Amino acid sequence: MLPALPGVGFKPAHFAAIRQDPAGVAFFEVHAENYLGAGGLPHAQLAAIAGEFPLSVHGVGLSIGGARGIDAAHLNRVRRLCDRYAPASFSEHLAWSSHGTETMGTAYLNDLLPLPYTEETLALVCDHVDQVQEGLGRRLLLENPATYVQFAQSVIPEPAFLAEVARRTGCGLLLDVNNVFVSCTNHGWDPRGWLNALPLDLVGEIHLGGHAAEDLPSGPLLIDSHGAAVADPVWALYAEVIAQAGPLPTLVEWDNDLPDWPVLAAEAARAGAILAQGGMGLARAC
Amino acid sequence: MMAAFHAGLRGGAVPPGLMARHEDELGRRFAIYRNNVAVSLGEALATRFPVIRRLVGEAFFAALARVYAEAEPPCSPVLAEWGEGFAGFLAGFPPVAELPYLPDVARIEYARGQAFHAADAAPVDPRALAAADPARVRLRLHPSLRMLRLAHPAVSIWARNQPDGADGPLATGPEVALILRDAGYDVPVWSLGAGDAALIEAMLTGAPLAEAAAMAATAEIGHAPTPLLSRLMQSGAVTGAEA
């Protein structure tokens, strides 16, 4: 279990600064696919970080929402990484990122692509989550995606789809509050209704990240860029979630246009302040 | 569904069955995915091949990456392993035919990426080496070490295009590149003479040190193995000495 405290996505550029002053950051998360090489600097840094802090391994390439079964060779490599570092948490996405073509074999697309929410895809995703949990020998947290389009054939609301995957497979959920805000803005959904439909007791980790906006005639199109500070409406939603659910491990993601360590640490501290308040609120409620 | 979506990402039509809040904005919204795939793969390739990008320019490289990603998309989510075929692709790509050294530079850059992620191995104790019988001892070299025989002066070109690269006189003709990860996790590229290249090649095939030195002296009259061996030792690249 990760601590119910603020964490950040680990970036090699911050390594020296973190060693000097972790600034209250209580855990770190890495993308599994960046640490599947055999050795060298990535593992030297990860071993140092994992020796001092709880670690979250976050997969971006298992393509759980893909039409094909889970890539056994890739899953095996992720398993070896998890065995090596014994992370407190492993998470992946409700999305697909690889596609097999007859002429080219499997192509990895390096993006988290959306899927329709139907009984058929629900069964497929559950099957894939089972394969991952079995292959890794551990429970998975499944993350809600940021999406830009919807599928006409979708019949299950996104939070209900996630809840049902968790119910059938026993997996937990990773609630990305920025993704909720991005998808709800893009599709005209109500973010509070979305959050109310999600069983918060299944949430094992929260993600917060920055987004970019593009103005379309119908209004803003939000893009999950991970390249900016967390937006104010996302902080507000996050505070509501924490007030309701109590403190949860909360990760600030910042992958592009990387700021200096103090800027990222300040974002984590802002989450930490909300977590502390949430804990006090719960204590009063008891 | 995914086949149509994938075709759309590769420049085909927006797949059927998608919805947006306003139907006439569907193309713009789908384009986010198309752009994410193209840009993120282009950035992944640029991370691995920074000198190629510098040599052809950013805009050309972005277009080149799109063509390459279509021809040889990554087959695994481990993007550090993508690009093994990039040198061969460049060799057969007519728009860069006027830059015949590009494939060799790409070979160096791909090998550097592999060296960066290669397995760890502790350097051998210098005393073990000093005590060994040169006629029998076989030196094991670091897993990151790679040697490339290149038709073009690609080591010089690579070196000139580093952030601190000097504008020295450009070598002409073939070069041999030695790539290894040193104790500080840097991945330098050395240019080897004929004798040093033969020495490394012989050691990599498991020849005892004395035999490797003899092969080096055949490749380059009067070659002395000691300077390269000390340089390898200093870089932590000798990881075993077995009789």
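Conventions we followed
Along each chain, residue indices are assigned from 1 in the same order as the chain's sequence is written. Labels are handed out in written order, letters beginning with A for the chains and numbers beginning with 1 for the ligands. It should be noted that, the model being predicted, local features are given only for residues of pLDDT at least 70 and side-chain atom pairs only at 80 or more, the latter also being counted only at that level, while totals for whole chains, interfaces and linings use all residues. Only hydrogens and water are removed before side-chain values are computed, so all heavy atoms of the structure are retained for them. Only DSSP runs of H or I reaching four residues or more are called helices, and only runs of E reaching two or more are called strands; each is numbered from the N terminus. The reference for a compact globule is 2.2 Å times residues^0.38; the radius of gyration itself is calculated from the C-alpha atoms. Residue exposure (1.4 Å probe, protein chains only): buried if accessible area is under 20% of the type maximum, exposed if over 50%, otherwise partly exposed. Between two residues, a contact is recorded if the distance between any of their heavy atoms is within 4.5 Å. All accessibility values rest on the Shrake-Rupley procedure with a 1.4 Å probe; residue burial counts only the protein chains present in the view. Residues scored as positive are Lys and Arg, those scored as negative are Asp and Glu, and His as well as the terminal groups of each chain are ignored. Charged groups are reduced to one reference atom each: NZ for lysine, CZ for arginine, CG for aspartic acid, CD for glutamic acid. One bridge is not enough; two strands pair if DSSP finds at least two bridges between them. Think of each axis as a best-fit line through the C-alpha atoms, taken over the contacting stretch in the case of a helix, with angles from 0 to 180 degrees between the N-to-C directions. The criterion for an aromatic pair is that two Phe, Tyr or Trp rings (for Trp, the six-membered ring) have centres within 6.5 Å, with stacked assigned to planes under 30 degrees apart, edge-to-face to planes over 60 apart and tilted to the rest. Throughout, the term roughly parallel applies to angles under 35 degrees, roughly antiparallel to angles over 145, roughly perpendicular to angles from 65 to 115, and oblique to all others. Here the term charged refers only to Asp, Glu, Lys and Arg, the term nonpolar to Ala, Val, Leu, Ile, Met, Phe, Trp, Tyr, Cys and Pro, and the term polar to all other amino acids, Gly among them. The span you would expect from a helix comes to 1.5 Å times its residue count less one. Starting at the helix axis, one direction is taken to each C-beta atom, and the arc is that of these directions.

## Focus: the overall build of chain B
Next up, step 1: Check the secondary structure of chain B and you find eleven helices and six strands.
Next up, step 2: In terms of C-alpha radius of gyration, chain B reaches 23 Å, well past the compact-globule figure of 18 Å for 243 residues.
Next up, step 3: Considered along the principal axes of its C-alpha atoms, chain B spans approximately 80 × 35 × 30 Å.
Next up, step 4: Burial status across chain B gives 46% buried among its 243 residues.
Next up, step 5: Summarising the internal contacts of chain B: among those between residues at least 6 apart in sequence, 65% fall at separations of at least 24.
Next up, step 6: Surface summary for chain B: the accessible area is close to 11,500 Å², and the carbon and sulfur share equals 56%.
Next up, step 7: For chain B, the distance from the average site of its 20 positive side-chain charges to the average site of its 25 negative ones is 4 Å.

## Structural notes on the sheet that holds strand S5 (residues 189-192) of chain B
Residue and element names in this part refer to chain B.
Next up, step 1: The three strands are arranged S3-S4-S5 in an open sheet whose pairing can be described as antiparallel. Strand pairing shows two members of the sheet lacking a second neighbour, strand S3 (146-150) and S5, which therefore form its edges. Going across the sheet, the axis of each strand differs from the next one's by a mean of 25 degrees, ignoring polarity.
Next up, step 2: Against the sheet, helix H9 (residues 194-204) engages S3, strand S4 (175-179) and S5, with an angle of about 135 degrees to S3.

## Observations concerning the packing of aromatic side chains
Residue and element names in this part refer to chain B.
Next up, step 1: The tally for this structure, following the rule as stated, stands at 19 aromatic pairs over all chains.
Next up, step 2: The interplanar angle of 10 degrees and the centroid separation of 6.4 Å between the aromatic rings of Phe 86 and Phe 89 together place this pair among those described as stacked. Note that Phe 86 and Phe 89 are positioned in helix H5 (residues 86-91) at a spacing of three residues, about one turn of the helix.
Next up, step 3: A residue is classified by how much of its surface remains accessible, and Phe 86, at 0% relative accessible area, is buried.
Next up, step 4: Relative accessible area serves as the criterion here: at 14%, Phe 89 is assigned to the buried category.
Next up, step 5: Chaining the aromatic ring pairs together yields one cluster made of Phe 49, Phe 61, Tyr 68, Trp 82, Phe 86, Phe 89 and Phe 93.

## Here's the deal with the packing of helix H2 (residues 41-52) of chain A against helix H3 (residues 72-85) of chain A
All names here are of chain A.
Next up, step 1: Where H2 contacts H3, the two axes come as close as 11 Å, and the packing angle between them is 45 degrees. One finds that H2 runs oblique with respect to H3. Contacts between H2 and H3 involve His 43, Leu 46, Ala 47 and Ala 50 from the first element and Leu 81, Arg 84 and Tyr 85 from the second.
Next up, step 2: Among the residues making up the contact of H2 with H3, the classes are represented as five nonpolar, one polar and one charged.

## Considering helix H4 (residues 58-71) of chain B
All names here are of chain B.
Next up, step 1: Relative to the 20 Å expected for 14 residues at 1.5 Å per residue, H4 spans 20 Å between its end C-alpha atoms, a close match to the ideal helical length.
Next up, step 2: Residues of H4 that are buried include every one of Phe 61, Leu 64, Ala 65, Tyr 68 and Ala 69, and no others. Projected down its long axis, H4 shows its buried positions confined to an angular sector of 135 degrees, all on one face.
Next up, step 3: Close packing links the buried residues of H4 with helix H2 (26-48), helix H3 (50-56) and H5.

## Examining the sheet that holds strand S2 (residues 27-31) of chain A
Residue and element names in this part refer to chain A.
Next up, step 1: Spatial strand order, S1-S2-S3-S4-S7-S9-S10-S13: eight strands in a closed barrel with parallel pairing. The average undirected angle you get between the axes of adjacent strands in this sheet is 30 degrees.
Next up, step 2: Note that strand S1 (residues 6-9) and S2 share three bridges and pair parallel. Note on S2: the bridge partner recorded for Val 8 is Phe 28.

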